[in-house]
Amino acid sequence: MGAAGVATAATAVTPLAVSAAIAETQERTVPQAQAITGTMPVTLKVNGQSHSVQIDPRATLLDTLRETLHLTGTKKGCDHGQCGACTVHINGRRVNSCLTFAGMQQNVEITTIEGLGQPGHLHPMQEAFVEHDGFQCGYCTSGQIMSAVAMVKEPWGTLDSDVKEAMSGNICRCGAYPNIVAAVQAVRRMA
Amino acid sequence: MDQVTESKVIGVATPRIDGPLKVSGSAMYASDHHFPGLLYAWPVCATISNGTIAHLDTAGAEKMPGVVAVYHRENIGKLYRVPPSTGFTLILDEKRPPLEDDTIRYYGQYVAVAVAQTVEQARAAAESVKVTYNKEKPDTGEKLLGTPLTTDKPDEKSKRGDTAAALQAAKVKVDAVYRIPVETHNPIELHASVAVFDGKKYTLYETSQAVVNHRDVMAQMLGVPTEQVQVITRFLGSGFGGKLWPWPHGLLAAACARNLGRPVKLVVSRQMMFESVGHRPAIDQRIQLAADADGKLTAVQQDYVNHTSMLDDYNEGCGEITPFLYSTPNLLVTGGLVRRNVGNPTAMRGPGAVPGLFALESAMDELAIALKMDPVQLRLKNEPALDESLNIPFSSRHMKECLTVGSEKFGWAKRTPEIGSMKRDGLTLGWGMAACSWLAARIETEATVELLQDGSARVACGTQDIGGGTYTVMAQVVSHETGIPVNRVDVVLGDSSLPPGPISGGSWVTASMTPAVLAASQNAGKALVLAAIKSDGSPFKGKKPEDLELVDGTVRLKGQQQGAVPMAEILRIAKVNSVSGTGKSDSTFGAAKPKVSFHSYGAQFAEVTWQPEIARLRVSRVVTVIDAGRILNPRPARNQIEGAVVMGVGMALFEETMYDPRSGAPINNNLADYVVAVNADTPEIDVTFLDYPDYQLNALGARGVGEIGLAGIASAITNAVYHATGVRVRDLPVRIEDLLVPANRTTHLA
């Protein structure tokens, strides 16, 4: 499903990407092969594609993206809206996907990191994060980038300190903050 | 060994080759793995920290929708302990397998695990398991020094001269106790395990900083041969030491997969991560320094005590750096452990050195003040000529240059020593500094390099990239040796089935891995030369190996640019897909009688701003100068040091896990109440690498940069806080209430 982009985009990237993507393709099978008791049908529009799936009514948008749609680029870091790793866009605004039920988001446009850009055709913010080394382990990075893309459209000032404030809902325990600020500012200057 | 001095790729700032995967959500971390028929496990955690299980009722939970099983002591099946081992194998901190008995020794200890079709169902079932306890009074006491040790008396860790006599006779003395609270690693990636069992073999997708050790431990504990376990950590959302060794959740996931014959995913919650996956222990340290009137140290004594769990002994090793950092004829370091009802502590970034240097470098600042001496001068004055703890030379030590370069970059000469005497824009400034050090070592490593007919190279090593840039550095080393561009090197790591590689700990991956990869590249080159001289149709057929050389990805006659043939062309002529070479690196770590003292060094300078009117303290600027051998890739290396400084700001000002003394629960068990530094807390950071190769450690002269950046930062900041406010904070973190006391008062009296 949504993960198809991962495997197909691999042609344009480094051999590392190829080996990783090929190795994982077989695991990313079509989800929900069997009916699960107590689930309900929902239709979610993610990255421009409509997905009709059965989910647990208690499922957060985060867990639905990851466990049902297998869009695992969105990460879980706290499940409490405290770390920002799960940031996605709902109708273009940044939202902690762990703090909303999937069932409540059926008539909106959801964008995840996979929908922003893939190796070979990265979004300028993704390019900037590579160029400025705006990460170490990479785990919070999807959330940082989704937050940053939304932040650029928000009414903030032009200073580094504005970026630092606007990006403080996204924790990077590796502490790549100076490079994150550099990446975001590079994109803001291009805009 | 041949020293590598010139290179087109080594030392060149190179973008991470895994960057495009990480910025696009395509990098596969442990919990991203999914398999048909996957089930979800959710542990049931004890809600007491001392006592026994009186009754455990799973009947209601088992009947809930989607629930497949609820396991507890009686039905989880056999799990074994690892045998005692000497050497660097079979390591784990919490040695008791989960659910082994009904005794509860820490809050959050697993007592059962629910397995269901969705994660929501598993969690609901786990929360419906009814457990009653025979509760006893827990001990999570914060005071450590002076409370009963696990041994009759503290261990002597290092000793020379007569410290007691020297302290007695001293002209100038410092005697103070410094305290580090429990700190929790809190990598943003939750610990997780996806366990697949095919009836014989376990494939375990783990959050592991050490896949080979993880495999060995899991095989032992599951009771199967090593070859029936494979551990995979292709990408790790960092760990900071917390993911070095296996934790009980991994055993639960594997046991569930075994029992059910279906893949099982278990993701540890953030709350559980404060309980059952390790922490830096609480530590008390008494430091006594003695000096003569002109600042020459005459005695150093460090007595530390750290807490550990009820069953296992974790020693923080706070005396790691003390014995060789300064010259002193008399020195004594002792260490002891006390038991508390807490989960097992474990190594956290810079174990031993980071807390040890907080105490030692705070005491050095206090000594400089007592001597009315500049703190940089005090350290320069006590620079040793050799490692006095072992009477061996340093491999490559440039501490003095760290101090002088740092002073210059920071503008230290403009510092006025009087408390609160420096102002800027209406703010009071505080300037403080500290020296730092961290070990350097190689550990045993094997690597394989293949040269392929398509012109690419493949390098394989069973190590991990936890964010330090190992993928990229490995490609750089292969590229350096073979001339194949970095973007044509396929790096394969994070899999226990690969040639055994180093744990991602100790800051030693780069030093250990690079010599093995370099040797493997050279041996692959030899295999290629053999193909060139033996294969029909090769222009070099019949030549001797010594007639040929490999330059820029080509094979040619020595010194002759003309007639050079691309490596890939040789393989096509020979009709082989690839040639390969293996390489090994031996260990320097834990050598019985080392001949050379391997360490990295650095100097940290911090500026704080202080607004007494509103009690607002900020870290505004940090200058750090690092002597960590040759820096192979300055981009991720700089990022490491900057990130460590950020973590140091958290250590100094925010981080502390607090236990409720009634229940033993870590009460601030989330990222809102356990505060780590965020983007807005980041100071201006200036990083300088001295870049002196340490050729005694390896041919590339590389040491490592993962941990040293955090060493010394907390004390540089608290020393700056003293300079700004007159308050000596010896009990981390610095709290606002500490700074509300009148100037020249201390918050923690020895």
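Remember, it's a predicted structure, so these values are computed and weren't measured experimentally.

Enquirer: I'd like a description of the overall build of chain B, backed by residues and values.
Expert: Along chain B, the regular secondary structure elements total 16 helices and 27 strands. Principal-axis analysis of the C-alpha atoms places the extent of chain B at approximately 85 × 70 × 50 Å. Residues classed as buried in chain B amount to 67% of the 750 residues present. Contacts spanning at least 24 positions in sequence make up 80% of the contacts within chain B whose residues lie at least 6 apart. Accessible surface computed for chain B: about 25400 Å², of which carbon and sulfur atoms make up 50%.

Enquirer: Could you give an account of the overall build of chain A, with specific residues and numbers?
Expert: Helix and strand counts for chain A stand at eight helices and five strands. In chain A, the succession of helices and strands from N to C terminus is α-α-β-β-α-β-β-β-α-α-α-α-α. Out of the 191 residues in chain A, the part that is buried amounts to 61%. Within chain A, counting contacts between residues at least 6 apart in sequence, those at least 24 apart form 57% of the total. Entry remark: accessible area of chain A is about 7200 Å², with carbon and sulfur atoms responsible for 56%.

Enquirer: Residues and numbers for the interface of chain B and chain A, please.
Expert: Chain B puts 76 residues into the contact, and the matching count from chain A is 70 residues. Summed over both sides, the interface between chain B and chain A buries roughly 5900 Å², with carbon and sulfur atoms accounting for 55% of that surface. Of all residues in chain B, the largest losses of buried area upon contact with chain A belong to V23(B), I188(B) and N679(B), amounting jointly to 13% of the total for that side. Here chain B and chain A share five salt bridges between them. Residues R173(A) and E655(B) are paired through a salt bridge, measuring 2.7 Å at the closest nitrogen-oxygen approach. Within the residue set of the side of chain B that touches chain A, elements represented by two or more residues are α1 (19–23), α3 (119–128), β20 (489–492) and α14 (634–653) of chain B. Top contributing element to the side of chain B that touches chain A by residue count: α14(B), with eight residues. For the side of chain B that touches chain A, the class distribution of residues is 35 nonpolar, 25 polar and 16 charged.

Enquirer: Describe in detail the sheet that holds strand β23 (residues 565–566) of chain B, supporting the description with residues and values.
Expert: All names here are of chain B. One open sheet accounts for three strands, arranged β21-β22-β23; its pairing is antiparallel. The open sheet terminates on both sides in strands that have one partner only, identified here as β21 (548–551) and β23. Where strand β22 (residues 554–557) lies against β23, two bridges are found, and the strand directions are antiparallel. Bridging from a neighbouring strand, T554 pairs with P566 of β23.

Enquirer: Would you mind going over the environment of G590(B) in detail, with residue names and values included?
Expert: Residue placement: G590(B) occurs in the loop between β24 (578–585) and β25 (599–611). On the basis of relative accessible area, G590(B) is assigned to the exposed category, the value being 69%.

Enquirer: Go over the packing of aromatic side chains with me, naming the residues and quoting the values.
Expert: Counted according to the given criterion, the structure contains 17 aromatic pairs over all chains. Each residue in the set Y139(A), Y29(B), F235(B) and Y471(B) is aromatic and connected to the rest through ring pairs, giving one cluster. The ring centre of Y722(B) lies 4.5 Å from the NZ or CZ of R728(B), which sits over that ring.

Enquirer: Please set out the sheet that holds strand β2 (residues 51–57) of chain B residue by residue, giving values where relevant.
Expert: One open sheet accounts for three strands, arranged β4-β2-β6 (chain B); its pairing is antiparallel. Since the sheet does not close on itself, it has two edges, and those belong to β4 (103–104) and β6 (130–135) of chain B, each with one partner.

Enquirer: Outline the side chain of H214(B), supporting the account with residue identities and numerical values.
Expert: Its place among the elements puts H214(B) in helix α5 (residues 211–222). Not counting residues up to four positions away in its chain, the partners in contact with H214(B) are E206(B), S208(B), V231(B) and P246(B).

Enquirer: Residue-level account of the domain arrangement of chain B, with values.
Expert: All names here are of chain B. Per the domain assignment, the segments making up chain B are domain 1 (19–23 + 442–585), domain 2 (33–137 + 189–237 + 243–274) and domain 3 (283–441 + 592–739). If you average the C-alpha positions of domain 2 and of domain 3, the two centres end up 37 Å apart. In this complex, domain 2 contributes 17 residues to the contact, which on the side of domain 3 involves 22 residues. Interface area, domain 2 with domain 3, both sides summed: about 1600 Å², of which 60% is carbon and sulfur. For the pair domain 2 and domain 3, the interface holds six residue pairs in polar contact (both at pLDDT 80 or more). Tallied by class, residues from the side of domain 2 that touches domain 3 come to seven nonpolar, three polar and seven charged.

Enquirer: Outline empty space enclosed by the protein, listing residues and values.
Expert: Residues and elements named next belong to chain B. Under the defined criterion, the tally for this structure stands at eleven cavities of 30 Å³ or more. Here the largest cavity defines a volume of roughly 110 Å³. For the largest cavity, the lining is made up of 13 residues, of which E142, R179, V182, T657 and Y659 are closest to its centre. For the lining of the largest cavity, a count of residues per class yields six nonpolar, four polar and three charged. A volume near 80 Å³ is recorded for the second largest cavity. Lining the second largest cavity we find E94, R96, R105, Y106, Q109, S309, M310, L311, D312, V342 and N344. Split into classes, the residues belonging to the lining of the second largest cavity amount to four nonpolar, three polar and four charged. When residues of the lining of the second largest cavity are assigned to domains, at least three map to each of domain 2 (33–137 + 189–237 + 243–274) and domain 3 (283–441 + 592–739).

Enquirer: Outline the nonpolar core, listing residues and values.
Expert: Counting 264 residues, the largest nonpolar core has F129(A), L289(B), L367(B), L451(B), V491(B), V517(B) and I717(B) as the members making the most contacts within it. Core analysis: the second largest hydrophobic core is formed by 15 residues, V46(A), L65(A), L69(A) and I90(A) among them.

Enquirer: Go over the UniProt feature "domain: Aldehyde oxidase/xanthine dehydrogenase a/b hammerhead" (unreviewed entry) in chain B with me, naming the residues and quoting the values.
Expert: Within this structure's numbering, the places UniProt gives as "domain: Aldehyde oxidase/xanthine dehydrogenase a/b hammerhead" (unreviewed entry) are residues 24–137 of chain B. Note that residues 24–137 of chain B is 12% helix and 30% strand, and that its end C-alpha atoms are spaced 50 Å apart.

Enquirer: How would you summarise helix α8 (residues 353–371) of chain B if you had to cite specific residues and measurements?
Expert: Its 19 residues give α8(B) an end-to-end C-alpha distance of 25 Å, which sits within 8% of 27 Å, the value for a rise of 1.5 Å per residue. Burial analysis of α8(B) places 17 of its 19 residues in the buried class, the great majority of the element.

Enquirer: How would you summarise unusual backbone geometry if you had to cite specific residues and measurements?
Expert: A cis amide bond links L732(B) with the next residue in sequence, P733(B), at an omega value of -5°. One can find P733(B) in the loop between α15 (713–725) and α16 (736–739). Although it is not a glycine, D79(A) adopts a positive phi angle of roughly 65°. Despite not being glycine, D691(B) shows a phi value in the positive range, around 65°. Its location among the elements puts D691(B) in the loop between β27 (684–689) and α15.

Enquirer: Account for α15(B), naming residues and giving values.
Expert: Residues and elements named next belong to chain B. The end-to-end C-alpha distance of α15 is 18 Å, a good match for the 18 Å that 13 residues give at a rise of 1.5 Å each. In terms of residue burial, α15 counts as a mostly covered element, since 13 of its 13 residues are buried. Looking at the residues trailing α15, positive phi occurs at G726, about 80°.

Definitions and limits used
Residues numbered from 1 in each chain as written. Chains lettered and ligands numbered in written order. Predicted model: local features only at pLDDT ≥ 70, side-chain atom pairs only at ≥ 80, totals over all residues. Heavy atoms only, no water. Helix = DSSP H or I, 4+ residues; strand = E, 2+ residues; numbered from the N terminus. Buried < 20%, exposed > 50% of the residue type's maximum accessible area, 1.4 Å probe, protein only. Contact = heavy atoms within 4.5 Å. Areas by Shrake-Rupley, 256 points an atom, 1.4 Å probe, with all protein chains shown as cover. Buried area = accessible area lost by both parts, 1.4 Å probe. Salt bridge = Lys/Arg side-chain N within 4 Å of Asp/Glu carboxyl O. Nonpolar A, V, L, I, M, F, W, Y, C, P; charged D, E, K, R; others polar. Pairing = 2+ DSSP bridges. Phe/Tyr/Trp six-rings, centres within 6.5 Å; stacked < 30°, edge-to-face > 60°. Lys NZ or Arg CZ within 6 Å of the ring centre and 35° of its normal. Domains from an automatic or database assignment. Polar contact = N/O pair within 3.5 Å; in protein donor to acceptor, adjacent residues only side chain to side chain. 1 Å grid on protein atoms, 1.4 Å probe; cavity = no way out; pocket = protein on both sides within 12 Å on 5 of 7 lines; lining within 4 Å. Points joined across faces, edges and corners; volume = space filled by probe spheres on them. Core = buried A, V, L, I, M, F, W, Y, C linked by side-chain atoms within 4.5 Å. UniProt positions renumbered as here; feature names shortened; annotations may be inferred. Expected span 1.5 Å × (residues − 1).

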